[in-house]
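A closer look at the structure
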Amino acid sequence: MVCAKCEKLLSKAATPDPYRNRNAAGMLKGSGPSALSKTGRSPSVVGASRKVGENKLLSKSNRFSPLGVQCKLCKQRVTQEKAQYCQACAYKKGLCAICGKQILDTSRYKQSS
């Protein structure tokens, strides 16, 4: 669980969803296949900002760190990027997993320890 401020920091998928961009580009307006380029992709999917044929998982910005980040409470490896707490500890304490801000009152919850 994350707060509204940290929601934009959540990691994205390695590849964009081509159907979402295609529908947003005008497929819902009835423009049909004419909105597609010669390669069959939506023009918004193939942008000038990314390299064609680049492996997104191996690029410098998203490189895998074998040591990773550990949860502050249980020292378990955290799966979410930029997170300080694992999802289990964040839910038990009612904290935002990224910034650690209290977002949920768990005082009346019956949770196992």
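Residues numbered from 1 in each chain as written. Predicted model: local features only at pLDDT ≥ 70, side-chain atom pairs only at ≥ 80, totals over all residues. Heavy atoms only, no water.

Taking an unreviewed UniProt entry as the reference, the protein is identified by name as Cysteine-rich PDZ-binding protein belonging to Malassezia pachydermatis. What the UniProt record of the protein gives under Subcellular location (unreviewed entry) is the line "Cytoplasm". In its Sequence similarities (unreviewed entry) section, the UniProt record describing the protein reads: "Belongs to the CRIPT family." (UniProt positions renumbered as here; feature names shortened; annotations may be inferred.)

For the structure shown, the criterion picks out zero disulfides. Cys 3 takes part in no disulfide bond, and the closest cysteine sulfur, belonging to Cys 6, lies 3.5 Å away. You can call Cys 3 buried: its relative accessible area is 5%. Not engaged in a disulfide, the cysteine Cys 89 finds its nearest cysteine sulfur in Cys 86; these two sulfurs lie 3.5 Å apart. (Disulfide = S-S within 2.5 Å. Buried < 20%, exposed > 50% of the residue type's maximum accessible area, 1.4 Å probe, protein only.)

The next point concerns the nonpolar core. Residues Cys 6, Cys 71, Tyr 85, Cys 96 and Ile 98 are the most contacted members of the largest nonpolar core, which totals 13 residues. Once residues lying within four places of it in the same chain are set aside, the contact partners of Cys 71 are Gln 76, Val 78, Gln 84, Tyr 85, Cys 86 and Cys 89. (Core = buried A, V, L, I, M, F, W, Y, C linked by side-chain atoms within 4.5 Å. Contact = heavy atoms within 4.5 Å.)

A few words on the environment of Leu 95. Looking at the element boundaries, Leu 95 is found in the segment after helix H2 (87-93). Exposure remark for Leu 95: the relative accessible area of 12% places this residue in the buried category. For the pair Leu 95 and Met 1, spaced 94 residues apart in sequence, the C-alpha to C-alpha distance is 7.4 Å. Not counting residues within four places of it along the chain, the set of residues in contact with Leu 95 comprises Met 1, Tyr 85, Ala 90, Gly 100, Lys 101, Gln 102 and Ile 103. (Helix = DSSP H or I, 4+ residues; strand = E, 2+ residues; numbered from the N terminus.)

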